[in-house]
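# Topology and contacts: notes
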Amino acid sequence: MTAAKGYAAQSPTADLTPWNFERRELGPNDVQINIAYCGVCHSDLHQIKNDWFPGIFPMVPGHEIVGTIIKTGSSVKKFKTGELAGVGCMVDSCRVCDNCKDGIEQYCENGNVGTYNGMGKDGVPTYGGYSDNIVVHEDFVLHISDKLSLPAVAPLLCAGITTYSPLRHWKVGKGHKLAVLGLGGLGHMAVKFGVAFGADVTVLSTSASKEEAAKALGAHHFIVSKDEVQAASVKNSFDFILDTVSAEHDMNMYLGMLKTNGVHICVGAPSNPHKISAFALIGGRKSVAGSGIGGIAETQEMLDYCAEHNIVSDIEMIDIKDITESYARMLKGDVRYRFVIDVSTI
Ligand code: NAP
Ligand code: ZN
């Protein structure tokens, strides 16, 4: 076993505090990564607070992990010590179901193994990236280019792939009007990818103060969704809405902004079910869809695309000791646009 030190929530009502634990012994196909940076995803907060389902405690969150390979198992082929590496939201899957065989391990029919708050195949809970090192099977580790700023790459491992994957799946690009709903960690990556893919991008935000910053990210239009006049001005406008909102919101109002045949794609995961009127769909043959992260191959494709097109996340680096305050700021939408933990402060 290898010693690891991290920050954990001991219960859903506790703040994160220092916690020492052990990583498994390196298997033949495992690599060990010295973690340099870890992004702070809203899913971390949902999970330590049991918003979705009862979690496994102590919980060490973090699934936007970048660092350096420090050890490789005897049969590892894809990585060498000293190379940069990344780990996203999952660290294993069954590998034999149709979805795993199709490279969409995120939809593993037997359940993928989450990077944290999951149960490893060895029956030991998984612990995430708010820690100094991690041991992962090489098949679930990503290559990271040294061309980009490493801390700004970390959020690509979740916020990046979660927005890249649906935009690719629905082939969003030139000639499409895309609305990005919610301008946070996921939303700002959706704007960057939407613009890069050639779509006409509108940000739908509750925060009037984000307009200038949204335009600086490349967004072509900005609508304050709480302003009735502005909201009415985009009725029947969009081919796609990519919904990144983390809290309850009025789906029926946003469905009214879709054109006929438009698709509302949910990636945000509020804890309560959406209330959708059948008439909001029937009126224009509209669809509501969902999308979860992305497969390993597609995550690598996204990272390579970002390296080629110089795309990274806009980040605010934090000391781990400021994590509780950072969660509070994230809840208020007060982050431009992703907190990233400098893991050397753990
Ligand atoms: P985030 O940085 O907190 O951004 C969420 C944004 O939603 C906020 O910045 C805010 O943007 C908007 N918002 C918040 N409350 C709202 C409300 N009541 N009504 C309307 N808009 C509101 O969070 P994130 O890290 O991007 O994550 C977003 C969601 O995606 C979370 O639920 C997370 O768990 C989920 N997620 C899903 C996947 C997946 O695979 N599907 C992967 C990662 C994360 P404005 O200020 O612009 O309104
Ligand atoms: Zn995430």
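So, here is what we can say about the structure in this document. Given the structure is predicted, the values throughout are model-derived calculations rather than measurements.

Analysis parameters
Residues numbered from 1 in each chain as written. Chains lettered and ligands numbered in written order. Predicted model: local features only at pLDDT ≥ 70, side-chain atom pairs only at ≥ 80, totals over all residues. Heavy atoms only, no water. Near = heavy atom within 4 Å. Polar contact = N/O pair within 3.5 Å; in protein donor to acceptor, adjacent residues only side chain to side chain. Helix = DSSP H or I, 4+ residues; strand = E, 2+ residues; numbered from the N terminus. Nonpolar A, V, L, I, M, F, W, Y, C, P; charged D, E, K, R; others polar. Domains from an automatic or database assignment. 1 Å grid on protein atoms, 1.4 Å probe; cavity = no way out; pocket = protein on both sides within 12 Å on 5 of 7 lines; lining within 4 Å. Points joined across faces, edges and corners; volume = space filled by probe spheres on them. Pairing = 2+ DSSP bridges. Axes fitted to C-alpha atoms, helices over the stretch in contact; angles between N-to-C directions. Buried < 20%, exposed > 50% of the residue type's maximum accessible area, 1.4 Å probe, protein only. Contact = heavy atoms within 4.5 Å.

Right, let's get into the site of ligand 1. Surrounding ligand 1, one finds 30 residues, the nearest of these being His 42, Ser 205, Thr 206, Ser 207 and Arg 338. A distance of 3.5 Å separates a nitrogen atom of ligand 1 from a polar atom in the backbone of Glu 248. Within the residue set of the shell around ligand 1, elements represented by two or more residues are helix H1 (42–48) and helix H5 (185–196). Of the residues belonging to the shell around ligand 1, the class tally is 11 nonpolar, 16 polar and 3 charged. Of the residues that make up the shell around ligand 1, three or more belong to each of domain 1 (2–158 + 313–345) and domain 2 (160–290).

As a further point, take empty space enclosed by the protein. Summed over all chains, the structure comprises 1 cavity of 30 Å³ or more. Within this model, the largest cavity holds a volume of roughly 70 Å³. Every residue lining the largest cavity is listed: Gly 88, Cys 89, Met 90, Phe 140, Leu 142, Leu 157, Ile 161, Ile 293, Gly 294, Ile 296 and Thr 299. When its residues are assigned to classes, the lining of the largest cavity shows 8 nonpolar, 3 polar and no charged.

Right, let's talk about the sheet that holds strand E13 (residues 238–243) for a bit. An order of E12-E11-E10-E13-E14-E15 is seen for the 6 strands of this open sheet, with the pairing classed as parallel. Since the sheet does not close on itself, it has two edges, and those belong to strand E12 (221–224) and strand E15 (287–290), each with one partner. Across the sheet, the axes of successive neighbouring strands diverge by a mean angle of 20°, strand direction being ignored. In terms of strand pairing, E13 meets strand E14 (residues 258–266) through 5 bridges, oriented parallel.

Another point: helix H4 (residues 159–169). With 9 of 11 residues buried, H4 is to be regarded as a mostly interior element. Of the residues making up H4, those classed as buried are Ala 159, Gly 160, Ile 161, Thr 162, Thr 163, Tyr 164, Ser 165, Pro 166 and Leu 167. Buried residues belonging to H4 abut strand E10 (177–181), H5, E13, E14, helix H10 (296–309) and strand E17 (338–342). With its phi angle positive at about 50°, Lys 171 sits one or two positions after the end of H4.

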